[in-house]
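Working through the structure, step by step
Below, each chain spelled out in residue letters.
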Amino acid sequence: MEIVLVVIAFLFLLTGFLGSVIPVLPGPPLSFIGLLLIQWSGYGEYSIVFLLIWGAVTIAMMVIDNLLPAWMTKKFGGSRKAVIGSVLGLIVGVIFFAPLGILLGPFLGALAGEVLNNRLLARKERIKAAANEQTEKNEEPQTPAAEKTNPLKVAFGAFLAFILGTGAKLIIGSMMIYYAITAVFK
């Protein structure tokens, strides 16, 4: 029974490692389940503190992985459309253009989202300008329009977030595999 648990544990660990680059797989949680299975198999002699720390790292990585792309895209001046475009680009890239789509999808999606946002802002400004020409001059001053952003800069921010998040997940997955290997083959 122990061997079966170890084999299943390594399947979880390897799937978790792959999940670091394939967005539909939750990488760190799968790897953590692998560590728990190693512990339950009798091969792992991990302390409770060790497992709690890795559980906390797993949860923290899940939170960071979900917030980092939006935060980095916003940090680089991106709009909500760029964030959505980045996520959609990643999904389309993984499904239709893997493995290159994994890298290019978030970049191109954020770029398309920000270009769309800038076009919508320009359209709103034209409509507002046309409306202002028809109104009286004694009205209240208009609020300034939202500023357009550089789509390439925003796309770079989304791409950088993807690279940082993926790198962190790969490091975490590698470390969990290392601890599992050392526990089983000591």
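Above this note sits the structure.
Right, let's walk through the structure included here. Treat the numbers as computed from the prediction; the structure is a model and nothing was measured.

So, about helix H3 (residues 48–75). Here H3 is 28 residues long and its end C-alpha atoms lie 38 Å apart, about the 40 Å a rise of 1.5 Å per residue gives. Roughly 35° is the biggest bend found in H3, and it falls at leucine 67, with proline proline 69 one to four residues downstream. Along H3, the residues classified as buried are Phe50, Leu51, Trp54, Gly55, Thr58, Met61, Leu68, Met72 and Thr73. Tucked into the core, H3 has its buried residues touching helix H2 (27–41), helix H4 (80–97) and helix H6 (151–184).

With that settled, consider the packing of aromatic side chains. Following the criterion strictly, the structure yields eight aromatic pairs and no others. Consider the rings of phenylalanine 50 and tyrosine 179, whose centres lie 5.0 Å apart with planes at 85°: the pair is edge-to-face. Here the residue phenylalanine 50 occupies a position in helix H3, and tyrosine 179 occupies one in helix H6, the gap between them amounting to 129 residues. Among the residues examined, phenylalanine 50 registers a relative accessible area of 18% and is labelled buried.

Our focus in this paragraph is the side chain of serine 20. Structurally, serine 20 is set in the loop between helix H1 (2–18) and H2. According to the relative accessible area criterion, serine 20 is buried, its value standing at 1%. Serine 20 has contacts with Gly27, Thr166, Lys169 and Leu170, leaving out every residue within four places of it along the chain.

Packing of H3 against H6 brings their axes to within 8 Å, and their N-to-C directions diverge by 170°. One element, H3, and the other, H6, form an angle in the roughly antiparallel class. The hand of the H3/H6 crossing is left-handed. Each residue belonging to the contact of H3 with H6 can be placed in one class, and the counts come to 17 nonpolar, four polar and two charged.

As a further point, take the environment of glycine 173. Relative to the helices and strands, glycine 173 is located in helix H6. The class of glycine 173 is buried, set by a relative accessible area of 2%. With 153 residues separating them in the primary sequence, glycine 173 and serine 20 have C-alpha atoms 7.5 Å apart.

What counts as what
- Residues numbered from 1 in each chain as written.
- Predicted model: local features only at pLDDT ≥ 70, side-chain atom pairs only at ≥ 80, totals over all residues.
- Heavy atoms only, no water.
- Helix = DSSP H or I, 4+ residues; strand = E, 2+ residues; numbered from the N terminus.
- Expected span 1.5 Å × (residues − 1).
- Bend = angle between axes of the 7 residues up to and from the residue.
- Buried < 20%, exposed > 50% of the residue type's maximum accessible area, 1.4 Å probe, protein only.
- Contact = heavy atoms within 4.5 Å.
- Phe/Tyr/Trp six-rings, centres within 6.5 Å; stacked < 30°, edge-to-face > 60°.
- Axes fitted to C-alpha atoms, helices over the stretch in contact; angles between N-to-C directions.
- Parallel < 35°, antiparallel > 145°, perpendicular 65-115°, else oblique.
- Left-handed = near helix turned anticlockwise from the far one by under 90°.
- Nonpolar A, V, L, I, M, F, W, Y, C, P; charged D, E, K, R; others polar.

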